[in-house]
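Residue-level structural notes
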Amino acid sequence: SADLAALTFDHLRDIARKIRDGSTDDYGQYWSYDKSNKKLDKPKPENDCRNALLSDLQDRLGRLGIDAQRESSRADNKRTDILISYGGANGFNVPVEAKKDDNPDLWRAIHEQLIPKYVRDPGADGHGIYLVFWFGVAKMKPAPDGGRKPRNAKELEERLRQTLAPEERHRIQICVIDCALPF
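Here the structure is a predicted model, which means the values were calculated and not measured. (Residues numbered from 1 in each chain as written. Predicted model: local features only at pLDDT ≥ 70, side-chain atom pairs only at ≥ 80, totals over all residues. Heavy atoms only, no water.)

**Here we look at the packing of helix H1 (residues 2-21) against helix H2 (residues 46-62)**
Put simply, H1 and H2 touch, their axes get as near as 10 Å, and they point 125° apart. Taken together, the axes of H1 and H2 lie oblique to each other. Handedness of the H1/H2 crossing: right-handed. In this structure, H1 uses Thr8, His11, Leu12, Asp14, Ile15 and Ile19 to contact H2, whose residues at the interface are Leu53, Asp56, Leu57, Arg60 and Leu61. Partitioning the contact of H1 with H2 into residue classes produces 6 nonpolar, 2 polar and 3 charged. (Axes fitted to C-alpha atoms, helices over the stretch in contact; angles between N-to-C directions. Helix = DSSP H or I, 4+ residues; strand = E, 2+ residues; numbered from the N terminus. Parallel < 35°, antiparallel > 145°, perpendicular 65-115°, else oblique. Left-handed = near helix turned anticlockwise from the far one by under 90°. Contact = heavy atoms within 4.5 Å. Nonpolar A, V, L, I, M, F, W, Y, C, P; charged D, E, K, R; others polar.)

**Examining the state of the cysteines**
Per the stated rule, a full pass over the model turns up 0 disulfides. You can see Cys49 has no disulfide; the closest cysteine sulfur is in Cys179, sitting 6.2 Å from it. For Cys49, a relative accessible area of 0% gives the class buried. Relative accessible area serves as the criterion here: at 0%, Cys179 is assigned to the buried category. (Disulfide = S-S within 2.5 Å. Buried < 20%, exposed > 50% of the residue type's maximum accessible area, 1.4 Å probe, protein only.)

**Focus on the pattern of salt bridges**
By the definition in use, this model includes 15 salt bridges. Put simply, Lys99 and Glu97 hold a salt bridge, and the shortest N to O gap is 2.9 Å. With relative accessibility at 5%, the residue Lys99 sits in the buried group. (Salt bridge = Lys/Arg side-chain N within 4 Å of Asp/Glu carboxyl O.)

**A short note on H1**
Taking 1.5 Å as the rise per residue, H1 with 20 residues should run 28 Å; its terminal C-alpha atoms sit 28 Å apart, in good agreement. When H1 is considered as a whole, its buried residues turn out to be Leu4, Ala5, Thr8, Phe9, His11, Leu12, Ile15, Ala16 and Ile19. Across the axial projection of H1, the buried residues extend over an arc of 165°, all falling on one side. Within H1, the exposed residues directed more than 90 degrees away from the buried face are Asp3 and Asp21. On the buried face of H1, the contacting elements are H2, strand S4 (78-86), strand S5 (92-100), strand S6 (128-134) and strand S7 (172-178). (Expected span 1.5 Å × (residues − 1). Arc of directions from axis to C-beta.)

**A look at the environment of Ala2**
By the element assignment, Ala2 lies in helix H1. For Ala2, a relative accessible area of 37% corresponds to the partly exposed category. When the C-alpha positions of Ala2 and His127 are compared, they lie 6.4 Å apart, and in sequence the two are 125 residues distant.

**Section: the nonpolar core**
Grouped together as the largest cluster of nonpolar side chains are 30 residues, with contacts concentrated most on Tyr30, Leu53, Ile84, Leu131, Phe133 and Ile177. For this core, the secondary structure elements donating two or more residues are H1, H2, S4, S5, S6 and S7. Residue contributions to this core peak at 7 residues, all from H1. Contacts of Tyr30, omitting those with residues within four sequence positions, involve Ile19, Pro43, Lys44, Cys49, Ala52, Leu53, Phe133, Phe135 and Cys179. Grouped together as the second largest cluster of nonpolar side chains are 20 residues, Leu106, Ala109, Tyr118 and Met140 included. (Core = buried A, V, L, I, M, F, W, Y, C linked by side-chain atoms within 4.5 Å.)

**Observations regarding the environment of Gly28**
With respect to the helices and strands, Gly28 occurs in the loop between H1 and strand S1 (31-34). As for Gly28 and Leu40, which are separated by 12 residues in sequence, their C-alpha atoms are 7.2 Å apart.

Structural data, given as C-alpha cells:
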C-alpha cells in the first residue's frame, strides 16, 4: 500500500500541475458558469470537483491495472470519497478523502475521517491521501492553530501537513490542487 499511495500521489501531483499550469486551463472545469455573462462564476460543489479529478485519475491509473472508484464502502458503514485499489479484495488500497477549501471540516477531516475511519482498513496498512481543492474562497474557516488563513494552495498544504504527528507524516500524503481563477 505504501507503493500504491506513492504512485497515486505522484499522479495527483502531475494532474494538479496540469490543472494549474497546463495550456488547456483545466482549472475551469472546477467552476460553474454565470449564464448571463458566460464567465466562470463560482466553484462547483465538492462532489463534482471530485468526479472531474477522478475521471483523470481513472484514465491514468487504469492503464496500469489500478482501479479508482468513488464513494467506496469502508468499515462501520463509512464511505471514502475515492478508493484506489490494486489486486482485488485481498490486494492493496489507498483511501482518498477530498474536501473543498470552504468545507467546515477542512481542518478536522484528516484526524476525524481519514485516519480513524479509512486508513485502518488492512489493505491500506495505515496509508491515505488527503486531497483539497483550493479556490481561494474567503469563506474558509480559520485554522485551529489561531494563525491567519492561508493565502494560496501551497501555504494551505503546508499548514495541513503541520497538523500531522511525526509518525503520521510517513503514511498520510496531502495534496492541495490549485483551481483558483487567474487574476
